[in-house]
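# Structural overview
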Amino acid sequence: MDKSVNLLKLSVGTETVEDLVAWQKTRAAQTSDGLPRHVTRMWPKRAAEVLNGGSIYWVIKGVVQCRQRILRLDERIGADGIRRCAIVLHPDLMRTQGSLRRPFQGWRYLAVADAPPDLPEGRAEEEALPVELNRALAEIGVL
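To start, this report covers the structure provided alongside it. From a predicted model like this one, the values you see are computed outputs, not experimental measurements.

### Thoughts on the overall build of the protein chain
What the protein chain contains, in helices and strands, is three helices and seven strands. Going from the N terminus to the C terminus, the protein chain shows its helices and strands as β-α-β-α-β-β-β-β-β-α. Relative to its 143 residues, the protein chain shows a buried fraction of 38%. A sequence separation of at least 24 residues applies to 69% of the contacts in the protein chain between residues at least 6 apart.

In structure tokens form, the structure reads like this:
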């Protein structure tokens, strides 16, 4: 299998990448082996492709701002008896070039060719462009 696909997910309740990092450091957001995870009701039908080098791209405040490699998918049975999918992530976040996204529920597949590129090493610590400026640049085709 040489195909790979990414996931796109809204990071609800976070204002910045730093907020996401802080949340993932809490015990509630970690697996028993200390890795960050995101629990979702739906199990990816394309799990083999997701696990073949896929990442989860986080949308924060309407803009894709970072990604994390997906390490594995763990089954998790909630207190209500419902089977859920825990998307287990690499702890390192890679900042990406900003890419505007409209709100959506759940997660979406994101083709490798459509994923925003990672920021170069020296630019990862730069502040993100304001959303309005990012939107205007995207509309005229600069981003």
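### What about unusual backbone geometry?
Phi at K61 is positive, roughly 55°, even though this residue is not glycine. In this fold, K61 is placed in the loop between strand 3 (55-60) and strand 4 (63-77).

### A short note on the environment of A28
For A28, the position within the fold is in the loop between helix 1 (17-24) and strand 2 (37-40). Note: C-alpha distance between A28 and H38 (10 residues apart in sequence) is 9.9 Å. Among residues more than four places away in sequence, those in contact with A28 are W23 and R37.

### Notes on the pattern of salt bridges
Counting across every chain of the model gives nine salt bridges. Taking the shortest distance from any N to any O, the salt bridge between R95 and E18 comes out at 2.4 Å. One end of the pair, R95, is in strand 6 (residues 94-100); the other, E18, is in helix 1, with 77 residues separating them in the sequence. A relative accessible area of 45% places E18 in the partly exposed class. When the shortest N-O distance is used, the salt bridge between D118 and R67 registers 2.8 Å. Taken together, the residues D118 in the loop between strand 7 (107-111) and helix 3 (131-139) and R67 in strand 4 connect sequence positions 51 residues apart.

### Examining helix 1
For an α-helix, 3.6 residues make a turn, and residues three or four places apart therefore share a direction. Every buried residue of helix 1 is listed here: V17, L20 and Q24. For helix 1, the angular spread of buried residues about the axis comes to 60°, placing them on one side. Lining the buried residues of helix 1 we find strand 3, strand 4, strand 5 (83-89) and strand 6.

### Here we look at the nonpolar core
One finds L7, I70 and I87 to be the most contacted residues of the largest nonpolar core, which totals 16 residues. If near-sequence neighbours (up to four positions away) are discounted, I70 is found in contact with L7, V50, L51, G54, S55, I56, I87, V88 and L89. Membership of the second largest hydrophobic core comes to eight residues, among which are L8, L10, Y57 and V64.

How each quantity is defined
- Residues numbered from 1 in each chain as written.
- Predicted model: local features only at pLDDT ≥ 70, side-chain atom pairs only at ≥ 80, totals over all residues.
- Heavy atoms only, no water.
- Helix = DSSP H or I, 4+ residues; strand = E, 2+ residues; numbered from the N terminus.
- Buried < 20%, exposed > 50% of the residue type's maximum accessible area, 1.4 Å probe, protein only.
- Contact = heavy atoms within 4.5 Å.
- Salt bridge = Lys/Arg side-chain N within 4 Å of Asp/Glu carboxyl O.
- Arc of directions from axis to C-beta.
- Core = buried A, V, L, I, M, F, W, Y, C linked by side-chain atoms within 4.5 Å.

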